Amino acid sequence: YGAEGFDVPAVKRSIVRFLIACTKDVPTGEDQQIPERVTLAKEQLESLRKRDRKLVDEAEKFFFLQ
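The written sequence of each chain sets the order in which its residues are numbered from 1. Predicted model: local features are reported for residues with pLDDT of at least 70 only, side-chain atom pairs are reported and counted for 80 or more only, and whole-chain, interface and lining totals are derived from all residues. To obtain the side-chain values, all non-hydrogen atoms of the structure were used and water was disregarded.

K.L.:
So, the pattern of salt bridges: which residues are in play, and what are the values?
P.N.:
For this document, the term salt bridge refers to a Lys or Arg side-chain nitrogen within 4 Å of an Asp or Glu carboxyl oxygen. Throughout the structure, instances matching the rule amount to 6 salt bridges. Ionic pairing is found between R37 and D25, a salt bridge with its closest N-O pair at 2.9 Å. With R37 in helix α2 (residues 36-51) and D25 in the loop between α1 (9-23) and α2, this pair connects stretches of sequence that are 12 residues apart. Burial classes: relative accessible area under 20% of the type maximum marks a residue as buried, over 50% as exposed, and values in between as partly exposed (1.4 Å probe, protein chains only). Residue class for D25 comes out partly exposed when judged on its relative accessible area of 37%. Starting at the N terminus, helices and strands are each numbered in turn, a helix being any DSSP run of H or I of at least four residues and a strand any DSSP run of E of at least two.

Next comes the structure, spelled out in structure tokens:
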């Protein structure tokens, strides 16, 4: 995200949607531990939200419509 070759709106949206999907990959059950990948995805998503709030908000809005 933001690197040369990836600084294209469609690619950015794909990255954000990937992170959103990763945050939803939590196990069910009371004794299940949250996987590290979920925590990292949440952190990255919040970081991107600070950089490009509009893009993240739009990606979240349309992610749930699919």
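K.L.:
Run through α1, naming residues and quoting values.
P.N.:
Because each turn of an α-helix spans 3.6 residues, side chains separated by three or four positions in sequence point in the same direction. By definition here, a helix of n residues has an expected span of 1.5 Å times n minus one. Helix length check: α1 (15 residues) gives 21 Å between terminal C-alpha atoms against 21 Å at 1.5 Å per residue, within 8%. Every buried residue of α1 is accounted for by K12, V16, L19, I20, C22 and T23. In an axial view of α1, the angular spread of the buried residues amounts to 160 degrees, which keeps them on one side of the axis. Should any heavy atoms of two residues lie within 4.5 Å, those residues are counted as being in contact. Buried positions along α1 lie against α2 and α3 (53-63). The arc in question is formed by the directions pointing from the helix axis toward the C-beta atoms.

K.L.:
Tell me about the side chain of R49, and please be specific about residues and values.
P.N.:
With respect to the helices, strands and loops of the structure, R49 is situated in helix α2. Residue classification places R49 among the buried residues on the basis of a relative accessible area of 13%. Looking at R49, its side chain comes within polar contact range of the side chain of E60, at 2.8 Å. Other than its neighbours up to four places away in sequence, R49 contacts V56, D57 and E60. Whenever two N or O atoms come within 3.5 Å, that pair is a polar contact, provided that in protein one can donate a hydrogen and the other can accept it, and provided that, for residues adjacent in sequence, both atoms are side-chain atoms.

K.L.:
Explain α3 residue by residue, including any values.
P.N.:
Along α3, the residues that are buried comprise L55, V56 and A59. Along α3, the residues classed as buried sweep out an arc of 95 degrees about the axis, all on the same side. Seen from the buried face of α3, the exposed residues on the opposite side, beyond 90 degrees, are K54 and K61. As for α3, its buried residues are in contact with α1 and α2.

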